[in-house]
Amino acid sequence: MILVLVDHDGVGPDELSLQAAAFGRRLAERAGDGLQALAVGSDARGAAATLGAHGIPVLHVAEGGELDGGYAPRAWGAVLARAVERLGPAIVLAPGSDRGQEVLAHAAAELDLPMAANCVDASPGDPFVVLRQRWGGTLLEEAELDGPVKLLSVAPHAVAAEPVDGSEAEVRRFEIGVDPEAFGVRVVERTEPERGRVSLAEAKVVVGGGRGVGGPEGFRVLEELAELLGGAVGCSRVVTSAGWRPHSDQVGQTGTRIAPDLYIACGISGATQHMVGCRGAKRLLVINKDPEAPIVSHADWVVVGDLHEVLPAVVAAVRRARG
Ligand code: FAD
């Protein structure tokens, strides 16, 4: 059996878990195996209909007590480790989110098993071969995965989450007691984004700023443009390291991966670690005073100039065009 770890928001499974389910279906067909899912918290029960529609007939839910209190990486890792011991899957898949990777790593440590992160494909058999992304997706590595149970996380967007014909998954309660110490790190509070604010990961337009913006005040005009275009503001790591913007705005290998219709990159040089995060953008407009900046070679359009002059002119032009 192939077991998929499912993350959820209390209403349904998240997109990357559904991608892991699609990856699992492909593997299940190749290996001639069944597919089941595991989720934590009683509100995970609401994921049963969607998971069924994505080809998963059985959902194990670990619930009750502190398990209903939200995300706790070590505790979720312990649940997954116990599920591996009791349900006996041959393969375990986790979504390629920060949380998916973290939980799988905790389970792997508990079980003393190797794990392969960010897989884009796998060939069950002996040896069990995985194709996986390294170096932020700039390198594809073919590797053999050892261990009696194969633990894999699925690289984001390696496969599309597509529903198939399937009825609601049967929910089975997974009885487990978790050591209270495992809840030492857990989510205690959630801050919702401001109403109406577009999330960076889902924005159709992203206006990104780098060191060239010059400081936190310089981002006002980027915010103005993003608002006019119904988009979100992003930034480079230099910006978050300097404390000009929160880490949640960072685009890149150690930030958010974006896939907008248009990315407007202002005062950003185009380091590999940044480009990894924005290569899903359909169109790239670069505003940079250096025509030799590496990002220029990736651009669809380039404005060579000082962003402090170019951006106010763009904002004024958009306002004029809209009357
Ligand atoms: P710079 O490289 O300094 O570029 C500034 C650009 O602004 C230049 O091209 C310059 O010509 C232009 N400019 C200056 N003034 C103006 C102006 N007035 N008008 C127009 N243009 C102007 N970086 C990320 O972004 N995201 C990540 O997730 C990330 N992860 C990393 C992970 C690791 C392990 C490491 C080692 C690095 C990571 N980095 C990441 C950092 C990355 O390597 C670069 O240092 C960073 O992206 C550079 O940011 P920048 O483009 O803003 O700054």
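About the criteria used
Residues numbered from 1 in each chain as written. Predicted model: local features only at pLDDT ≥ 70, side-chain atom pairs only at ≥ 80, totals over all residues. Heavy atoms only, no water. Helix = DSSP H or I, 4+ residues; strand = E, 2+ residues; numbered from the N terminus. Rg over C-alpha atoms; globule rule 2.2 N^0.38 Å. Buried < 20%, exposed > 50% of the residue type's maximum accessible area, 1.4 Å probe, protein only. Contact = heavy atoms within 4.5 Å. Areas by Shrake-Rupley, 256 points an atom, 1.4 Å probe, with all protein chains shown as cover. Near = heavy atom within 4 Å. Polar contact = N/O pair within 3.5 Å; in protein donor to acceptor, adjacent residues only side chain to side chain. Salt bridge = Lys/Arg side-chain N within 4 Å of Asp/Glu carboxyl O. Expected span 1.5 Å × (residues − 1). Arc of directions from axis to C-beta. Disulfide = S-S within 2.5 Å. Core = buried A, V, L, I, M, F, W, Y, C linked by side-chain atoms within 4.5 Å.

Peer 1: Explain the overall build of the protein chain to me, and be specific about the residues and the numbers.
Peer 2: Looking only at helices and strands, the protein chain has 8 helices and 14 strands in total. The C-alpha atoms of the protein chain give 22 Å as radius of gyration, which agrees with the globular expectation for 323 residues (20 Å, within 12%). Reported as C-alpha extents along the three principal axes, the dimensions of the protein chain are approximately 65 × 40 × 40 Å. Counting across all 323 residues of the protein chain, residues that qualify as buried make up 48%. For the protein chain, contacts bridging at least 24 residues in sequence account for 64% of all contacts bridging at least 6. As displayed, the protein chain offers around 15,600 Å² of accessible surface, 49% of which is attributable to carbon and sulfur atoms.

Peer 1: Please give an account of the site of the ligand that cites residues and values.
Peer 2: Around the ligand, the surrounding shell holds 26 residues, and the nearest of these are R211, S236, T254, S269 and N288. Between S236 and the ligand, the recorded distance is 2.6 Å, taken from a side-chain N or O atom to an oxygen atom. The backbone of R237 places a nitrogen or oxygen atom 3.0 Å from an oxygen atom of the ligand. For the ligand, whose accessible area on its own is 990 Å², the fraction buried by protein is 76%.

Peer 1: Report on the environment of A259, specifying residues and quantitative values.
Peer 2: Topologically, A259 is positioned in the loop between α6 (237–241) and β12 (262–266). Assessed through its relative accessible area of 44%, A259 is described here as partly exposed. Remark: the alpha-carbon pair of A259 and R74, spanning 185 residues in sequence, is separated by 31 Å. Residues in contact with A259, not counting those within four places in the same chain, are A201, G280 and A281.

Peer 1: Account for the side chain of S17, with residues named and values stated.
Peer 2: Mapped onto the elements, S17 comes out in helix α1 (residues 15–31). Judged by relative accessible area, S17 falls into the buried class, the value being 0%. Excluding residues that lie within four positions of it along the chain, S17 makes contacts with V4, L5, V6, D7 and P95.

Peer 1: If you had to explain the pattern of salt bridges to someone new, which residues and values would you point to?
Peer 2: For the structure on display, the rule yields 16 salt bridges. Residues D121 and R30 are paired through a salt bridge, measuring 3.0 Å at the closest nitrogen-oxygen approach. Of the two residues, D121 sits in strand β5 (residues 115–123) while R30 sits in helix α1, which places them 91 residues apart along the sequence. A residue is classified by how much of its surface remains accessible, and R30, at 44% relative accessible area, is partly exposed. Taking the shortest distance from any N to any O, the salt bridge between R82 and E110 comes out at 3.0 Å. Within this pair, whereas R82 is found in helix α3 (residues 73–87), its partner E110 is found in helix α4 (residues 98–111), the two being separated by 28 residues in sequence.

Peer 1: So what about helix α8 (residues 307–321)? Which residues, and what values?
Peer 2: Residues spaced three or four apart along an α-helix face the same direction, because each turn holds 3.6 residues. Counted at 1.5 Å a residue, the expected span for α8 with its 15 residues is 21 Å, and the 20 Å between its end C-alpha atoms agrees. Those residues of α8 not exposed but buried are L307, V310, L311, V315 and V318. For α8, the arc enclosing every buried residue in end-on projection is 130 degrees, short of the 170-degree limit, so these residues lie on one face. In α8, those exposed residues whose orientation departs by more than 90 degrees from the buried face are E309 and R320. Among the structural elements, α5 (219–228), β12, β13 (283–288) and β14 (301–304) are those in contact with the buried residues of α8. The N-terminus of α8 is capped by D306, whose side-chain oxygen sits 2.8 Å from the backbone nitrogen of H308.

Peer 1: Lay out the state of the cysteines with the relevant residues and their values.
Peer 2: With the rule as written, the count across this model stands at 0 disulfides. Free cysteine C266: the closest other cysteine sulfur is in C235, separated by 12 Å. Free of any disulfide, C278 has its nearest neighbouring cysteine sulfur in C266, separated by 12 Å.

Peer 1: Go over the nonpolar core, please, and point to the residues and values.
Peer 2: Within the largest apolar cluster, 33 residues are counted, with the highest numbers of intra-cluster contacts made by F23, L51, L59, L93 and L152. Take this core: its biggest share by element is 7 residues, from α1. Among the nonpolar cores identified, the runner-up in size contains 32 residues, and A78, L80, L104 and F183 belong to it.

Nothing here speaks to function; it is all geometry.
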